[in-house]
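Observations on the model geometry
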Amino acid sequence: MVGELVAAGVGLVSAGAVYLVAAARVVKQYERGVVLRLGRLTAPARGPGFTMIIPGVDRMRKVNMQIVTMPVPAQEGITRDNVTVRVDAVVYFKVVDAADAVVRVEDYRFAVSQMAQTSLRSIIGKSELDDLLSSREKLNQGLELMMDSPAIGWGVSVDRVEIKDVSLPETMKRSMARQAEATRDRRARVINADAELQASKKLAEAAAAMSGQPAALQLRLLQTVVAVAAEKNSTLVLPFPVELLRFLEHAGHQAQAQTAQTRAETERARAQRPPTAERTVPADAAPPVPPAPDGAVEDPLPVLEDLPRAENLRSGSP
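1. Section: the sheet that holds strand S8 (residues 156–167)
One open sheet holds the three strands; their spatial order is S6-S7-S8, and the pairing between them is antiparallel. Of all strands in the sheet, those bounded by a partner on one side alone are strand S6 (68–78) and S8. Averaged over all neighbouring strand pairs, the angle between strand axes comes to 25 degrees, with direction disregarded. Sheet topology note: the S6/strand S7 (residues 84–95) ladder contains nine bridges and is antiparallel. Of the residues in S7, the one forming a bridge with Val72 is Ala89. Strand contacts of helix H5 (residues 136–151): S7 and S8, with the helix running at about 140 degrees to S8, the strand carrying the most contacts.

2. Section: the confidence of the model for the protein chain
Mean pLDDT for the protein chain: 80, with 81% of residues reaching 70 or above. Between the elements of the protein chain, mean pLDDT differs from a low of 48, seen in helix H9 (residues 310–315), to a high of 92, seen in S7.

3. Describing the nonpolar core
Residues Val85, Val91, Phe93, Tyr108 and Met147 are the most contacted members of the largest nonpolar core, which totals 36 residues. Broken down by secondary-structure element, the contributors of at least two residues to this core are S6, S7, helix H2 (98–103), helix H3 (108–126), helix H4 (129–134), H5 and S8. Not counting residues up to four positions away in its chain, the partners in contact with Val85 are Gln75, Glu76, Gly77, Thr79, Ile124, Leu129, Leu132, Val166, Ser167 and Leu168.

4. Regarding the side chain of Thr79
With respect to the secondary-structure elements, Thr79 resides in the loop between S6 and S7. According to the relative accessible area criterion, Thr79 is buried, its value standing at 3%. For Thr79, the side chain forms a polar contact with the side chain of Asp81, separated by 2.4 Å. Each residue touching Thr79, except ones within four places of it in the same chain, is listed here: Val85, Ile124, Gly125, Ser127, Glu128, Leu129 and Leu132.

5. Let's talk about the sheet that holds strand S3 (residues 40–46)
On the basis of which strands lie adjacent, the open sheet formed by three strands has the order S3-S2-S5 and antiparallel pairing. The two strands at the open ends of the sheet, each matched to only one other strand, are S3 and strand S5 (58–64). When strand polarity is set aside, the average angle formed by the axes of neighbouring strands in this sheet is 25 degrees. Here strand S2 (residues 31–37) runs beside S5; their pairing, made up of seven bridges, is antiparallel. Looking at the pairing, Leu36 lines up with Arg59 of S5.

6. Quick word on unusual backbone geometry
Note on backbone geometry: most residues besides glycine have negative phi, and most peptide bonds are trans. The phi torsion at Leu38 lies on the positive side, around 55 degrees, for a residue other than glycine. You can see Leu38 is positioned in the loop between S2 and S3. Using a relative accessible area of 72% as the deciding quantity, one classes Leu38 as exposed. We note that Asn82 has phi near 65 degrees; this positive angle belongs to a residue other than glycine. Locating Asn82 in the fold gives a position in the loop between S6 and S7. For Asn82, a relative accessible area of 66% translates into the label exposed.

7. Here's the deal with H5
Taking 1.5 Å per residue, 16 residues should reach 22 Å; H5 reaches 22 Å between its end C-alpha atoms and fits that length. Every buried residue belonging to H5 is among Leu139, Asn140, Leu143, Met147 and Ala151, and all of these are buried. Relative to the axis of H5, the buried residues are bounded by an arc of 105 degrees and lie together on one face. Residues of H5 that are exposed and angled more than 90 degrees away from the buried face: Glu137, Lys138, Leu145 and Ser149. The elements touched by buried residues of H5 are S7, H3, H4 and S8.

Reading guide: rules and limits
- Every residue gets a number counted from 1 within its own chain, in the order that chain's sequence is written.
- Note on the predicted model: pLDDT of at least 70 is required for a residue's local features to be given, and 80 or more for side-chain atom pairs to be given and counted; whole-chain, interface and lining totals, by contrast, use all residues.
- Heavy atoms from the whole structure form the basis of all side-chain values; hydrogens and water molecules are not counted.
- Strands were regarded as paired on the criterion that DSSP finds at least two bridges between them.
- Numbering of helices and strands starts at the N terminus; helices are DSSP runs of H or I of at least 4 residues and strands are runs of E of at least 2.
- For helices, the axis comes from a line fit to the C-alpha atoms of the stretch in contact; other axes are also lines fit to C-alpha atoms, and the angle between any two N-to-C directions lies between 0 and 180 degrees.
- By the convention used here, residues are in contact when the closest approach between their heavy atoms is within 4.5 Å.
- One number per residue, pLDDT, summarises how confident the predictor is, and it ranges from 0 to 100.
- In these notes, a set of buried Ala, Val, Leu, Ile, Met, Phe, Trp, Tyr and Cys residues joined through side-chain atoms within 4.5 Å is what counts as a nonpolar core.
- Burial classes follow relative accessibility: with a 1.4 Å probe on protein chains only, a residue under 20% of its type's maximum area counts as buried, one over 50% as exposed, and anything between as partly exposed.
- Each polar contact in these results corresponds to two N or O atoms within 3.5 Å; when the atoms are within protein, one needs to be able to donate a hydrogen and the other to accept it, and residues that are neighboring in sequence are counted only if both atoms are side-chain atoms.
- Take the number of residues in a helix, subtract one, and multiply by 1.5 Å to get its expected span.
- What the arc measures is the spread of directions leading from the helix axis to the C-beta atoms.

Okay, here's the thing in structure tokens:
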């Protein structure tokens, strides 16, 4: 009798231990336990810690509540401006309602992955190539809105979506490189043209200031010589201002004009003199000396023909 009681007690203890092991569950801090009792959802979801279920009646499914990082495979599509590209992205999402993630969708991870791929293809078709390359922040926000609307019904919240890389064909890369080079060349030419325009304006102002003072050209020439000589070169290149040449040419023209005017006045004065009586000139006499022009100094030295001859000096006759 006592043995039967002991055996029964041992059996009960063993059955209780087996039941406890089968019913005991431990839910981690980042998890929630969704319990289905005879196929029906029991609310609310079990929190973290130790919990018990009815073996054979309840079935608990643990749902991870951490943020999940899911890479989106590269999707190939044609942009709105007819350029073929391959775009890959990454999605950050988390489960906010464990019961909906278990009940309303069969596999929420697979569903989010497929939705991310279709949304990425849709964004590629609606965008242009320049938007994919430069306006990624705007496209990321568009992807997030497209994915978050259906995902919220699955108990999933999409935190953010990032486009990782945009792959272009080699021909398009070469075309873009030529375009960028042409753009930089155009900017360089515009900058050089602006610099030339500003320099020409300053040079015009300097020329206007120097034209009023002719000595400024000479001072500028001396400054240029000093600047060149400071380099300690064996050869000195001395620039000659063109304005100085024009000044010398102008001065020469003025001198020629004054000389011509003087000659004309002299001829006019000669023409106005009264005629004088003719006188007999010996054959051996020296020709008369023409009168000096106005303003000229007559030569005070005697002419050789006017001196007495050597025979007359010896004989004492004139």
